[in-house]
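Single-letter residue listing:
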Amino acid sequence: TLPEVMTAPMRPDIVQFVHTNMAKNNRQAYAVSPWAGKNVSASSWGTGRAVARIPRVGGGGTSRSGQGAFGNMCRGGRMFAPTKTWRKWHRKINSTQRRYAVASALA
């Protein structure tokens, strides 16, 4: 006769759910540097100059001076909503669900 495990009901949905969430448990946190795109001393030129009101790099004598800075729409600016290390990387799965998935996968 077959072991009890082999006669467990087939539940591909549960197997997929458990597999997907268990795969998330060996991920490493990543994020951009908190200072990325914020390393220039830029300030807005204000209105009345016929340019966008984005902060601009000060100084002269280099192609960087006068360029927009800080904004997510600027070249060399920070990204929108910079990635954080405190994102939810891991997932908790019910032990019962986990066991059920193993039995279902075997069957």
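Reading the values: the criteria
Residues numbered from 1 in each chain as written. Predicted model: local features only at pLDDT ≥ 70, side-chain atom pairs only at ≥ 80, totals over all residues. Heavy atoms only, no water. Phe/Tyr/Trp six-rings, centres within 6.5 Å; stacked < 30°, edge-to-face > 60°. Lys NZ or Arg CZ within 6 Å of the ring centre and 35° of its normal. Patch = residues over 30% accessible without salt bridge, like charges linked within 9 Å, V, L, I, M, F, W, Y side chains within 5 Å. Areas by Shrake-Rupley, 256 points an atom, 1.4 Å probe, with all protein chains shown as cover. Salt bridge = Lys/Arg side-chain N within 4 Å of Asp/Glu carboxyl O. Helix = DSSP H or I, 4+ residues; strand = E, 2+ residues; numbered from the N terminus. Buried < 20%, exposed > 50% of the residue type's maximum accessible area, 1.4 Å probe, protein only. Expected span 1.5 Å × (residues − 1). Arc of directions from axis to C-beta. Contact = heavy atoms within 4.5 Å.

1. Observations regarding the packing of aromatic side chains
So, point 1. Per the stated rule, a full pass over the model turns up 1 aromatic pair.
So, point 2. The ring of tryptophan 45 has arginine 49 sitting right over it, with the charged end atom 4.6 Å from the ring centre.
So, point 3. Residue placement shows arginine 56 over the ring face of tryptophan 45; its charged tip is 5.2 Å from the ring centre.

2. Re a nonpolar patch on the surface
So, point 1. On the surface, Leu2, Val5, Met6, Val102 and Leu106 cluster together into a nonpolar patch covering about 460 Å² of accessible area.
So, point 2. Mapping valine 5 onto the fold places it in the segment before α1 (12–23).
So, point 3. Taking relative accessible area as the criterion, valine 5 reaches 36% and is therefore assigned partly exposed.

3. Describing helix α2 (residues 95–106)
So, point 1. An ideal rise of 1.5 Å per residue puts 16 Å on 12 residues; α2 measures up with 17 Å between its terminal C-alpha atoms.
So, point 2. Of the residues making up α2, those classed as buried are Ala101, Ala103 and Ser104. Axial view of α2: buried residues confined to an arc of 165°, hence all on one face. In α2, the exposed positions that point more than 90 degrees away from the buried face belong to Arg99, Val102 and Ala105.
So, point 3. Along its buried surface, α2 packs onto α1.

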